Amino acid sequence: MAADGGGTLSELYQRSRRLLLKTRDDLERLERLAAAVDSPELSVAVRRDISQIQTLCSEMDALWRSVASKPQRDLWKRKVEQVAEEADSLRESLDRYMQRQQRRMQEAQERAELLGRSNGESSHILRIFDEEAQAMQSARNSSRMLEEATATGTAILAKYSEQRERLKGAQRKALDVLNTLGLSNSVLRIIERRNRVDQWIKYAGMILTFIIVIAFLRWAR
């Protein structure tokens, strides 16, 4: 089983497992860095990897349904569902991290405003937090765009899978009709051959009867 330009089901699964490991490691590093420094670039990269895993899940979901063997189909179904669940768990962990970072920045900004120092240090601190807030907002915007792109890609893949299933159904019906026509043609050919044989038997019987009658008339004389 192969996806158009994406590889076989096994290759897509291995790629998704590698991405899961990488994303989990990056998320843990993001959590460790949270107390010291914010890293919006890393959070965007984590979000991008999660979106890619979800896209791979959509592709695999379209492929495992085409596996002929039911035991293998059920096995791949469980594997794909497990990957999808892990990706959802990572996305929820990233969302919680983003919320904590936003709260931390708001609290720090409120503390800086309360200091109200007249030597300009407060404005410097506020400017730092404004820059961090802008970076976080940019990261959230990028994450939202990635999620929207993933949702669009997933919808397209689902539509493609649905169309492919309909085409397969139409193909099966066409094959059934062709098989039925082929069977009907075979039956017609058998009937035609039988009719020809019956005609030859009839003509042969008529000729034989005529010969017997002639022979009997000559013998009677």
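Residues numbered from 1 in each chain as written. Predicted model: local features only at pLDDT ≥ 70, side-chain atom pairs only at ≥ 80, totals over all residues. Heavy atoms only, no water.

1. With respect to the overall build of the protein
Next, step 1: For the protein, the count of helices and strands is four helices and two strands.
Next, step 2: Looking at the protein residue by residue over its 221 residues, the buried ones come to 27%.
Next, step 3: A separation of at least 24 residues holds for 76% of the contacts in the protein among residues at least 6 apart in sequence. (Helix = DSSP H or I, 4+ residues; strand = E, 2+ residues; numbered from the N terminus. Buried < 20%, exposed > 50% of the residue type's maximum accessible area, 1.4 Å probe, protein only. Contact = heavy atoms within 4.5 Å.)

2. Structural notes on the confidence of the model for the protein
Next, step 1: For the protein, mean pLDDT is 75; residues scoring 70 or higher make up 56% of the total.
Next, step 2: Within the protein, the lowest mean pLDDT, 48, falls on strand β1 (residues 2–3), and the highest, 92, falls on helix α1 (residues 9–34). (pLDDT = per-residue confidence, 0-100.)

3. A short note on the pattern of salt bridges
Next, step 1: According to the stated counting rule, one finds 12 salt bridges in the structure shown.
Next, step 2: We note a salt bridge from Asp 26 to Lys 22, for which the minimum N-O separation is 3.1 Å. On the criterion of helical spacing, the pair formed by Asp 26 and Lys 22 is a turn pair, its members being four residues apart in helix α1.
Next, step 3: The partner of Arg 100 in a salt bridge is Glu 31, and the shortest N-O contact between them spans 2.7 Å. With a gap of 69 residues between them, Arg 100 in helix α3 (residues 70–115) and Glu 31 in helix α1 connect regions that are remote in the sequence.
Next, step 4: Residue classification places Arg 100 among the partly exposed residues on the basis of a relative accessible area of 34%.
Next, step 5: For Glu 31, a relative accessible area of 34% corresponds to the partly exposed category.
Next, step 6: Sharing partners across several salt bridges, the network here consists of Lys 22, Asp 26, Arg 29 and Asp 49. (Salt bridge = Lys/Arg side-chain N within 4 Å of Asp/Glu carboxyl O.)

4. Some thoughts on the nonpolar core
Next, step 1: Membership of the largest hydrophobic core comes to 25 residues, with the highest contact counts inside it found for Leu 9, Ile 53, Met 60, Val 83 and Leu 94.
Next, step 2: Elements with a contribution of two residues or more to this core: α1, α2 (40–64) and α3.
Next, step 3: The leading source of residues in this core is α2, at nine residues. (Core = buried A, V, L, I, M, F, W, Y, C linked by side-chain atoms within 4.5 Å.)

5. A closer look at the packing of aromatic side chains
Next, step 1: With the rule as written, the count across this model stands at one aromatic pair.
Next, step 2: Where Tyr 13 meets Trp 76, the ring centres are 5.6 Å apart and the plane angle is 80°; that geometry is what we call edge-to-face. Remark: Trp 76 occurs in helix α3 and Tyr 13 occurs in helix α1; sequence separation between them is 63 residues.
Next, step 3: Judged by its relative accessible area of 12%, Tyr 13 falls in the buried class.
Next, step 4: Over the face of the ring belonging to Tyr 13 we find Lys 79, whose NZ or CZ atom lies 5.3 Å from the ring centre.
Next, step 5: The aromatic ring of Trp 76 is capped on one face by Lys 79, whose charged end is 4.6 Å from the ring centroid. (Phe/Tyr/Trp six-rings, centres within 6.5 Å; stacked < 30°, edge-to-face > 60°. Lys NZ or Arg CZ within 6 Å of the ring centre and 35° of its normal.)

6. Overview of the environment of Val 44
Next, step 1: Note that Val 44 resides in helix α2.
Next, step 2: In this structure Val 44 comes out as buried when scored by relative accessible area, which is 17%.
Next, step 3: Here the alpha-carbon distance between Val 44 and Leu 94, two residues 50 residues apart in the chain, equals 9.8 Å.

7. What about the side chain of Glu 86?
Next, step 1: With respect to the helices, strands and loops of the structure, Glu 86 is situated in helix α3.
Next, step 2: A distance of 3.0 Å separates a polar atom in the side chain of Glu 86 from a polar atom in the side chain of Arg 17. (Polar contact = N/O pair within 3.5 Å; in protein donor to acceptor, adjacent residues only side chain to side chain.)

8. Concerning the environment of Ser 10
Next, step 1: The residue Ser 10 is located in helix α1 in this model.
Next, step 2: Overall, Ser 10 belongs to the partly exposed group, its relative accessible area being 37%.
Next, step 3: In this structure the C-alpha to C-alpha distance between Ser 10 and Trp 76, which are 66 residues apart in sequence, comes to 9.2 Å.

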